[in-house]
Amino acid sequence: MKKIILALSCLIVTIGLCSCGGKKEPEPVPELDPAQLITAEDVAAVAGYTPVVVPEGTAKNGNRSSVLYRSEPIGKHDTVEVKLVQFNDDMPYQQIFSEYEANKAKRSDAKLVDSLGQEAYIAFPTIHVYDRGCLLSITAGSGADDEQERLLKNLAFTAVGKLEEQIPEYNPDKK
(Lines give C-alpha, C1' and ligand atoms only; values in the text may rest on other atoms or scores of the structure.)
Protein backbone atom coordinates (compact mmCIF):
# COMPACT_ATOMS: atom_id res chain seq x y z
CA MET A 1 0.00 0.00 0.00
CA LYS A 2 2.86 2.35 0.88
CA LYS A 3 4.43 1.66 -2.52
CA ILE A 4 1.19 2.59 -4.33
CA ILE A 5 0.83 5.82 -2.37
CA LEU A 6 4.50 6.67 -3.00
CA ALA A 7 4.11 5.94 -6.75
CA LEU A 8 0.96 8.08 -6.99
CA SER A 9 2.64 10.93 -5.10
CA CYS A 10 5.62 10.83 -7.46
CA LEU A 11 3.28 10.80 -10.45
CA ILE A 12 1.34 13.81 -9.19
CA VAL A 13 4.53 15.77 -8.45
CA THR A 14 5.93 14.92 -11.91
CA ILE A 15 2.73 16.01 -13.66
CA GLY A 16 2.69 19.23 -11.65
CA LEU A 17 6.27 20.05 -12.52
CA CYS A 18 5.75 19.31 -16.21
CA SER A 19 2.68 21.53 -16.45
CA CYS A 20 4.45 24.49 -14.84
CA GLY A 21 7.25 24.51 -17.36
CA GLY A 22 5.00 23.84 -20.36
CA LYS A 23 3.74 27.39 -20.82
CA LYS A 24 5.91 29.63 -22.91
CA GLU A 25 5.55 33.31 -23.45
CA PRO A 26 4.11 34.31 -26.82
CA GLU A 27 6.71 35.66 -29.21
CA PRO A 28 6.43 39.38 -29.83
CA VAL A 29 4.86 40.35 -33.13
CA PRO A 30 7.46 41.84 -35.46
CA GLU A 31 7.12 45.45 -36.54
CA LEU A 32 6.12 45.29 -40.18
CA ASP A 33 7.36 47.52 -42.99
CA PRO A 34 5.11 48.09 -46.02
CA ALA A 35 8.23 48.27 -48.23
CA GLN A 36 8.92 44.65 -47.27
CA LEU A 37 5.33 43.54 -47.85
CA ILE A 38 5.45 44.95 -51.39
CA THR A 39 8.95 45.53 -52.67
CA ALA A 40 10.03 47.42 -55.78
CA GLU A 41 10.61 44.01 -57.38
CA ASP A 42 7.01 43.01 -56.59
CA VAL A 43 5.72 46.21 -58.21
CA ALA A 44 7.91 45.56 -61.27
CA ALA A 45 6.62 42.00 -61.60
CA VAL A 46 2.94 42.95 -61.28
CA ALA A 47 2.75 46.47 -62.73
CA GLY A 48 5.27 45.96 -65.51
CA TYR A 49 7.70 48.81 -64.77
CA THR A 50 10.70 49.24 -62.49
CA PRO A 51 9.69 51.71 -59.78
CA VAL A 52 11.69 53.91 -57.47
CA VAL A 53 10.77 54.74 -53.89
CA VAL A 54 9.59 58.31 -53.32
CA PRO A 55 11.23 59.41 -50.04
CA GLU A 56 8.55 62.07 -49.41
CA GLY A 57 5.85 59.38 -49.70
CA THR A 58 7.52 57.02 -47.24
CA ALA A 59 6.62 57.62 -43.61
CA LYS A 60 6.19 56.04 -40.19
CA ASN A 61 4.06 57.48 -37.42
CA GLY A 62 3.50 55.15 -34.48
CA ASN A 63 1.80 52.04 -35.82
CA ARG A 64 1.05 53.63 -39.21
CA SER A 65 3.52 53.42 -42.05
CA SER A 66 3.54 53.88 -45.81
CA VAL A 67 5.70 53.59 -48.90
CA LEU A 68 5.18 55.22 -52.30
CA TYR A 69 6.60 53.90 -55.57
CA ARG A 70 6.69 55.87 -58.84
CA SER A 71 7.99 55.30 -62.32
CA GLU A 72 11.16 56.72 -63.75
CA PRO A 73 10.70 59.04 -65.61
CA ILE A 74 7.98 60.60 -63.48
CA GLY A 75 4.47 60.23 -64.89
CA LYS A 76 5.18 57.40 -67.31
CA HIS A 77 3.19 54.93 -65.14
CA ASP A 78 0.77 55.16 -62.21
CA THR A 79 2.18 55.26 -58.69
CA VAL A 80 1.75 52.45 -56.17
CA GLU A 81 1.16 53.40 -52.54
CA VAL A 82 1.11 50.89 -49.70
CA LYS A 83 -0.22 51.91 -46.28
CA LEU A 84 -0.15 49.73 -43.19
CA VAL A 85 -1.76 50.08 -39.77
CA GLN A 86 -0.48 47.46 -37.34
CA PHE A 87 -1.95 46.62 -33.96
CA ASN A 88 0.09 47.38 -30.87
CA ASP A 89 -0.43 48.11 -27.18
CA ASP A 90 -1.82 51.58 -27.95
CA MET A 91 -4.12 50.45 -30.76
CA PRO A 92 -5.56 46.94 -30.31
CA TYR A 93 -6.71 44.84 -33.24
CA GLN A 94 -10.39 45.51 -32.38
CA GLN A 95 -9.86 49.22 -32.96
CA ILE A 96 -8.12 48.57 -36.28
CA PHE A 97 -10.94 46.28 -37.41
CA SER A 98 -13.47 48.96 -36.39
CA GLU A 99 -11.55 51.47 -38.53
CA TYR A 100 -11.64 49.01 -41.45
CA GLU A 101 -15.41 48.48 -41.02
CA ALA A 102 -16.13 52.21 -40.71
CA ASN A 103 -14.18 52.98 -43.89
CA LYS A 104 -15.96 50.17 -45.76
CA ALA A 105 -19.37 51.44 -44.62
CA LYS A 106 -18.62 54.86 -46.13
CA ARG A 107 -18.05 53.32 -49.58
CA SER A 108 -21.28 52.27 -51.26
CA ASP A 109 -19.18 51.14 -54.24
CA ALA A 110 -17.12 48.68 -52.12
CA LYS A 111 -16.65 45.34 -53.86
CA LEU A 112 -15.84 42.44 -51.52
CA VAL A 113 -12.86 40.24 -52.39
CA ASP A 114 -12.95 36.57 -51.42
CA SER A 115 -9.98 34.54 -50.18
CA LEU A 116 -7.83 37.50 -49.28
CA GLY A 117 -6.86 37.99 -45.65
CA GLN A 118 -9.59 37.86 -43.05
CA GLU A 119 -11.65 40.33 -45.04
CA ALA A 120 -11.03 42.60 -48.05
CA TYR A 121 -12.75 45.00 -50.42
CA ILE A 122 -11.93 47.20 -53.38
CA ALA A 123 -13.12 50.79 -53.58
CA PHE A 124 -11.27 52.13 -56.59
CA PRO A 125 -8.46 53.09 -56.75
CA THR A 126 -7.62 51.19 -53.52
CA ILE A 127 -7.86 47.67 -52.15
CA HIS A 128 -8.28 47.39 -48.37
CA VAL A 129 -7.37 44.21 -46.50
CA TYR A 130 -7.79 43.34 -42.83
CA ASP A 131 -5.66 40.41 -41.73
CA ARG A 132 -3.80 39.33 -38.59
CA GLY A 133 -4.68 42.52 -36.72
CA CYS A 134 -3.38 44.75 -39.50
CA LEU A 135 -5.05 47.03 -42.03
CA LEU A 136 -3.36 47.11 -45.41
CA SER A 137 -4.37 49.63 -48.11
CA ILE A 138 -2.87 49.53 -51.59
CA THR A 139 -3.55 52.21 -54.17
CA ALA A 140 -2.42 51.43 -57.72
CA GLY A 141 -3.43 51.84 -61.32
CA SER A 142 -6.27 53.78 -62.86
CA GLY A 143 -9.39 53.21 -64.90
CA ALA A 144 -11.61 51.42 -62.35
CA ASP A 145 -11.71 48.44 -64.72
CA ASP A 146 -10.81 44.74 -64.74
CA GLU A 147 -7.14 45.54 -65.38
CA GLN A 148 -6.90 47.79 -62.33
CA GLU A 149 -8.77 45.23 -60.23
CA ARG A 150 -6.29 42.52 -61.32
CA LEU A 151 -3.36 44.79 -60.44
CA LEU A 152 -4.77 45.58 -56.98
CA LYS A 153 -5.56 41.94 -56.22
CA ASN A 154 -2.14 40.69 -57.34
CA LEU A 155 -0.34 43.27 -55.21
CA ALA A 156 -2.60 42.50 -52.23
CA PHE A 157 -2.10 38.72 -52.51
CA THR A 158 1.67 39.30 -52.54
CA ALA A 159 1.52 41.56 -49.49
CA VAL A 160 -0.82 39.30 -47.52
CA GLY A 161 1.38 36.28 -48.21
CA LYS A 162 4.37 38.11 -46.75
CA LEU A 163 2.32 39.45 -43.83
CA GLU A 164 1.22 35.91 -42.96
CA GLU A 165 4.86 34.73 -43.11
CA GLN A 166 5.82 37.47 -40.65
CA ILE A 167 2.87 36.74 -38.33
CA PRO A 168 2.35 32.98 -38.92
CA GLU A 169 0.10 32.20 -35.96
CA TYR A 170 -2.21 35.03 -35.12
CA ASN A 171 -4.88 34.54 -32.49
CA PRO A 172 -5.41 37.79 -30.59
CA ASP A 173 -7.80 36.23 -28.07
CA LYS A 174 -5.38 33.46 -27.08
CA LYS A 175 -3.21 34.38 -24.12
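All figures in this text were calculated on a predicted structure; none of them were measured in a lab.

The rules behind the values
- Counting of residues starts from 1 at the beginning of each chain's written sequence and follows it residue by residue.
- Local features in this predicted model are restricted to residues of pLDDT 70 or higher, and side-chain atom pairs are both shown and tallied only at a pLDDT of 80 or more, whereas totals for entire chains, interfaces and linings draw on every residue.
- Water and hydrogen atoms were dropped before computing side-chain values, which therefore reflect all heavy atoms in the structure.
- Working definition: helices are DSSP H or I runs of at least four residues, strands are E runs of at least two. Numbering for both runs from the N terminus.
- Buried means the residue's accessible area, taken with a 1.4 Å probe over protein chains only, is under 20% of the maximum for its type, while exposed means over 50%, and partly exposed covers the values in between.
- Throughout, a contact is declared for two residues whenever any of their heavy atoms are within 4.5 Å.
- Reported accessibility uses the Shrake-Rupley method at a 1.4 Å probe radius. Residues are deemed covered only where the shown protein chains occlude them.
- The arc refers to the directions leading from the helix axis to the C-beta atoms.
- Only C-alpha atoms enter the line fits that serve as axes; for helices the fit covers just the stretch in contact. Angles between N-to-C directions range over 0 to 180 degrees.
- In this scheme the handedness of a crossing depends on how the near helix is turned from the far one: anticlockwise by less than a right angle means left-handed, clockwise means right-handed.
- Under the grouping applied here, Gly and all other residues not named as nonpolar or charged are polar, the nonpolar ones being Ala, Val, Leu, Ile, Met, Phe, Trp, Tyr, Cys and Pro and the charged ones Asp, Glu, Lys and Arg.

Novice: What should I look at first to understand the overall build of the protein in this one?
Specialist: Helices and strands together make up the secondary structure of the protein, namely five helices and eight strands. Listed N to C, the secondary structure of the protein is α-α-α-β-β-β-β-α-β-β-β-β-α in terms of helices and strands. Out of the 175 residues belonging to the protein, those deemed buried represent 34%. Within the protein, counting contacts between residues at least 6 apart in sequence, those at least 24 apart form 52% of the total. Counting only carbon and sulfur atoms, one obtains 55% of the accessible surface of the protein, whose full area is about 11000 Å².

Novice: Sorry if this is basic, but what is going on with unusual backbone geometry here?
Specialist: Glycine aside, residues mostly have negative phi angles, and peptide bonds mostly take the trans form. Geometrically, the link from glutamate 72 to proline 73 is a cis peptide bond, its omega value of 10° lying close to zero. Looking at the secondary structure, you find proline 73 in the loop between strand S3 (64-70) and strand S4 (80-86). Residue proline 125 is bonded to the preceding phenylalanine 124 through a cis peptide linkage, with omega at 15°. As for its position among the elements, proline 125 is in the loop between strand S6 (119-123) and strand S7 (126-131). The phi torsion at serine 115 lies on the positive side, around 60°, for a residue other than glycine. Here serine 115 lies in the loop between strand S5 (111-112) and S6. The backbone phi angle of arginine 132 is positive, close to 55°, even though this residue is not glycine.

Novice: Teacher, can you tell me more about helix H3 (residues 40-47) here?
Specialist: Working note: α-helix, 3.6 residues per turn, so residues spaced by three or four point in the same direction. Those residues of H3 that sit buried are Asp42, Val43 and Val46. One side of H3 holds all its buried residues, which, seen down the axis, span an arc of 100°. In H3, the exposed residues that point more than 90 degrees away from the buried face are Glu41 and Ala45. On its buried side, H3 packs onto helix H2 (34-37), S3, S4 and helix H5 (146-166). Looking at the residues trailing H3, positive phi occurs at glycine 48, about 85°.

Novice: Quick question: what am I supposed to make of the environment of lysine 83 here?
Specialist: Within the element layout of this structure, lysine 83 appears in strand S4. Between the C-alpha atoms of lysine 83 and serine 137, which are 54 residues apart in sequence, the distance is 5.1 Å. Setting aside residues up to four positions removed in sequence, lysine 83 forms contacts with Ser65, Ser66, Leu135, Leu136 and Ser137.

Novice: How do you make sense of the packing of H3 against H5 when you look at a structure like this?
Specialist: The packing of two helices is summarised by the inter-axis angle and the distance between the axes. Put simply, H3 and H5 touch, their axes get as near as 10 Å, and they point 145° apart. For the element pair H3 and H5, the recorded crossing hand is right-handed. For the pair formed by H3 and H5, the contact residues are Asp42, Val43, Val46 and Ala47 on the first element and Arg150, Leu151, Asn154, Leu155, Thr158 and Lys162 on the second. Tallied by class, the residues present in the contact of H3 with H5 amount to five nonpolar, two polar and three charged.

Purely geometric numbers; function is a separate question.
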